[in-house]
Amino acid sequence: MSADTDADALADVPPMRADARRNREQILRAAREVFADQGPDAPLDEIARRAGVGIATLYRRFPHRDDLHRGVAIEVLSALVEAGSRAAAEEDDDAHLALRRFMHAALDLKIGSVMPALLGRFTVAEILDGVPGDVVDPIDALLLRAQAEGLIRVDVVFGDITMMIMRLSRPLPGGGRFAADDALAHRQLDVYIDGLRPTGSPRPTTPLGGPAVDAAAFKLLRERVIDDARAGHSGARADHSEARADHSGDSDAD
């Protein structure tokens, strides 16, 4: 098919209606959250419920689960590119503040939970071809600017920015979740960002947000995480035992 033919075909495709576009965005956001919490094989009914749409609408937008996986990956990386561009544009006179804004926006995307869960389900080309740009070079340029201005220590490299975001956006061990988890991650990110300052820099004056998990609070959180993980493991074993019993009954009936 020629380029002219492609252009003619695209011209015949009507633009997506506003409500259809909104449904698609809601499905992708809900899928991102569910995949982060439950993995890429999570029930599609749960995604539809969180998105506030019917399951038929979800299948109309994403006929196969693989389509939804690719859609989420492209949506996350596209939002990451947009966050980098917006941070650089809105804080063009302060590279350090621009980096801080980008890192907090990237943390909200839960990239450390979502993208690792989807690895192996698509190729790099399938995803990057659908993303409007690459966030690596502009963020690296921001980092170099901040270092040139004496705002970030000179031995920090690009991976120190992105890989910390990925670590902080991963769920707690054992799959435990608590209401203030996201706010706690942003608090810890602020601590980390302040640690990127060069030796001798003025102490940061911005107060830390999020919950302050002191020793007593950590003990309670530790207990909850372990109990939740144990309950999930016990439930999985019970389901497995029931399935074996059902299968055994079927064999006897035969």
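Procedures and definitions
Residues numbered from 1 in each chain as written. Predicted model: local features only at pLDDT ≥ 70, side-chain atom pairs only at ≥ 80, totals over all residues. Heavy atoms only, no water. Helix = DSSP H or I, 4+ residues; strand = E, 2+ residues; numbered from the N terminus. Buried < 20%, exposed > 50% of the residue type's maximum accessible area, 1.4 Å probe, protein only. Contact = heavy atoms within 4.5 Å. Areas by Shrake-Rupley, 256 points an atom, 1.4 Å probe, with all protein chains shown as cover. Axes fitted to C-alpha atoms, helices over the stretch in contact; angles between N-to-C directions. Parallel < 35°, antiparallel > 145°, perpendicular 65-115°, else oblique. Nonpolar A, V, L, I, M, F, W, Y, C, P; charged D, E, K, R; others polar. Arc of directions from axis to C-beta. Left-handed = near helix turned anticlockwise from the far one by under 90°. Expected span 1.5 Å × (residues − 1). pLDDT = per-residue confidence, 0-100.

Comments concerning the overall build of the protein chain
- A count of helical and extended segments in the protein chain gives 12 helices and zero strands.
- Out of the 254 residues belonging to the protein chain, those deemed buried represent 33%.
- Restricting to contacts in the protein chain with at least 6 residues of sequence separation, those with at least 24 account for 72%.
- Total accessible area computed for the protein chain in this model is approximately 15300 Å², and 54% of it derives from carbon and sulfur atoms.

Thoughts on the environment of A105
- Checked against the element boundaries, A105 lands in helix 6 (residues 95-108).
- A relative accessible area of 24% places A105 in the partly exposed class.
- Once the C-alpha coordinates of A105 and A87 are considered, the two residues, 18 residues apart in sequence, prove to be 9.0 Å apart.

Notes on the packing of helix 2 (residues 18-38) against helix 7 (residues 111-118)
- Close contact between helix 2 and helix 7 brings their axes to 8 Å; oriented N to C, the two are set at 80°. Between helix 2 and helix 7, the angle is such that the two are roughly perpendicular. Contact with helix 2, carried on its side by R32, F35 and A36, involves S113, V114, A117 and L118 of helix 7 and no other residues of that element.
- Class assignment for the residues of the contact of helix 2 with helix 7 results in five nonpolar, one polar and one charged.

Focus on helix 10 (residues 158-168)
- Within helix 10, burial applies to F158, I161, I165 and L168. Angularly, the buried residues of helix 10 cover 140° about the axis, an arc narrow enough to put them on a single face. Away from its buried face, by an angle of more than 90 degrees, helix 10 presents the exposed residues M163 and R167.
- Contact partners of the buried residues in helix 10: helix 6, helix 7, helix 9 (136-148) and helix 11 (181-194).

With respect to the environment of A141
- Looking at where A141 falls in the secondary structure, it is placed in helix 9.
- In this structure A141 comes out as partly exposed when scored by relative accessible area, which is 38%.
- Along the chain, A141 and A88 lie 53 residues apart, while their C-alpha atoms are 9.8 Å from each other.

So, the packing of helix 5 (residues 65-90) against helix 7
- Where helix 5 contacts helix 7, the two axes come as close as 10 Å, and the packing angle between them is 145°. Where helix 5 crosses over helix 7, the handedness of that crossing is left-handed. Facing H69, V72, A73, V76, L77 and L80 of helix 5, the residues of helix 7 in contact are I111, V114, M115 and L118.

Topic: helix 9
- End to end, helix 9 covers 18 Å across 13 residues, agreeing with the expected 18 Å (1.5 Å per residue, within 8%).
- Listed as buried for helix 9 are I139, L142, L143, A146 and Q147. For helix 9, the arc enclosing every buried residue in end-on projection is 135°, short of the 170-degree limit, so these residues lie on one face. Across from the buried face of helix 9, at angles greater than 90 degrees, the exposed residues are D137 and A148.
- Of the surrounding secondary structure, the elements contacted by the buried residues of helix 9 are helix 5, helix 6 and helix 10.
- Positioned one or two residues after helix 9, G150 has a phi angle of 75°, which is positive.

Topic: the confidence of the model for the protein chain
- In this model, the protein chain carries a mean pLDDT of 82, and residues with pLDDT of at least 70 account for 81%.
- In the model of the protein chain, helix 1 (residues 3-11) stands out as the element of lowest mean pLDDT, 41, in contrast to helix 3 (residues 44-51), which has the highest, 95.
- Taken together, the stretch residues 1-13 has pLDDT below 50 and engages in one contact with residues farther than four places along the chain or on a different chain.

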